Amino acid sequence: MRQKIRKGILAYSAILFPVTFIFLSPYIIIVSAMMGVINGSAIMFAFLFLFSIVGSRLYCGWLCPGGAVQDMAGNANSRPWYGRFKILSKYIIWIIWFSFVIFLWIKNGPLKINPLNMFSVGLAGFLVYFAVASIIYFFTLATGKRGMCHSICWMAPFMVLGGKTADLLHIPRFRLKADREACIACGQCDKKCPMSIGVQKMVQRGNMDNTECICCLECVDGCPKKAISFGISRKQKKIS
Ligand code: SF4
Ligand code: SF4
């Protein structure tokens, strides 16, 4: 039932994407910064950073329209897409893009705040929307499950940073918990994970922290032994 609700929310988020993309766009944030404006996307990214200090990456698993588009593509290509270099690329993209945005904010200051800047984006804006939605869809189709989340997403680093900030400051946040004794090594959690994470290994290590986890709870709901649960807690100490 929980997964039906999650997928329903994600699907509706995809329907709203033509309207909400203005608040999620790495391109419009640049155009606004050139005008000396902090726009809705910048405010949204700041909000996601703050939210993730307690909520980790719940947004990615439950609300993100880009995630919904990828899940559609994932139905056609469910190949796992995960690895150190596949993950690293999004941080390189994010550092270049966000450094440029900060540069433009400094150059074009003093800044005005206008959440609705470029709301009337017209035809050009919708072409940008279709380009972004198509890149998300076809990149995932070519790579595998949530390939864009792993390798390109410009929003994920904000939320990974939020989670790291929480851990550094010992702030409790949303995270998974494992019961090593209950696990029968059936591998169902690995199969269910939309982020292609080796969940079974994490359970057997007794440490469920993973920056790629989008808190979708597929592994929690798919485990026949209820060996995975979730809650709000501080960072676990490593179990050897
Ligand atoms: S689904 Fe549950 S029992 Fe099976 S490997 Fe994963 S944690 Fe262990
Ligand atoms: S580890 Fe579990 S909660 Fe995290 S992304 Fe994978 S299935 Fe979802």
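Residues numbered from 1 in each chain as written. Chains lettered and ligands numbered in written order. Predicted model: local features only at pLDDT ≥ 70, side-chain atom pairs only at ≥ 80, totals over all residues. Heavy atoms only, no water.

1. Overview of helix α9 (residues 156-168)
Residues spaced three or four apart along an α-helix face the same direction, because each turn holds 3.6 residues. For α9, with 13 residues, the first-to-last C-alpha span of 18 Å sits near the 18 Å given by 1.5 Å per residue. The inward-facing, buried residues of α9 abut α3 (40-55), α4 (58-62), α6 (84-107), α8 (147-151) and β3 (173-178). One or two positions beyond α9, positive phi appears at His170, with a value near 60°. (Helix = DSSP H or I, 4+ residues; strand = E, 2+ residues; numbered from the N terminus. Expected span 1.5 Å × (residues − 1). Contact = heavy atoms within 4.5 Å.)

2. Let's talk about the packing of aromatic side chains
Inspection of every chain in the model, using the stated rule, returns 15 aromatic pairs. Between Phe21 and Tyr129, the ring centres sit 5.4 Å apart and the planes meet at 50°, which makes this aromatic pair tilted. Highlighted residues: Phe21 in the loop between α1 (2-20) and α2 (26-34) and Tyr129 in helix α7 (residues 122-143), separated in sequence by 108 residues. Neither Phe21 nor Tyr129 differs from the other in exposure class; each is buried. Ring geometry for Trp94 against Phe158: centres 5.3 Å apart, planes inclined by 85°, an arrangement best described as edge-to-face. You can see Trp94 sitting in helix α6 and its partner Phe158 sitting in helix α9, a full 64 residues away along the chain. Judged by relative accessible area, which is 7%, Phe158 ranks as buried. The residue whose ring lies beneath Lys86 is Trp81, and the NZ or CZ to ring-centre distance is 4.4 Å. (Phe/Tyr/Trp six-rings, centres within 6.5 Å; stacked < 30°, edge-to-face > 60°. Buried < 20%, exposed > 50% of the residue type's maximum accessible area, 1.4 Å probe, protein only. Lys NZ or Arg CZ within 6 Å of the ring centre and 35° of its normal.)

3. Quick look at unusual backbone geometry
Cis geometry marks the peptide bond from Gly109 to Pro110; its omega dihedral reads 0°. Tracing the chain through its elements places Pro110 in the loop between α6 and β2 (112-113). Residue Cys215 is not a glycine yet carries a positive backbone phi of 60°. When you line up the elements, Cys215 lands in the loop between α11 (199-205) and α12 (218-222). Given the relative accessible area of 4%, Cys215 is considered buried.

4. Brief notes about α6
In this model α6 runs 35 Å from its N-terminal to its C-terminal C-alpha over 24 residues, within 8% of the 34 Å that 1.5 Å per residue would give. Among the residues of α6, those classed as buried are Ile87, Lys90, Trp94, Trp97, Phe98, Val101, Leu104 and Trp105. Buried residues in α6 make contact with α2, β1 (37-38), α3, α8 and α9.

5. As for the pattern of salt bridges
Evaluation of the coordinates by the stated rule reveals nine salt bridges. In this structure, Arg2 engages Asp221 in a salt bridge whose closest nitrogen and oxygen atoms are separated by 2.5 Å. Here Asp221 lies in helix α12 and Arg2 lies in helix α1, a separation of 219 residues in the sequence. On the basis of relative accessibility, which here comes to 31%, the residue Arg2 falls in the partly exposed class. (Salt bridge = Lys/Arg side-chain N within 4 Å of Asp/Glu carboxyl O.)

Any functional reading would require information beyond the geometric quantities listed.
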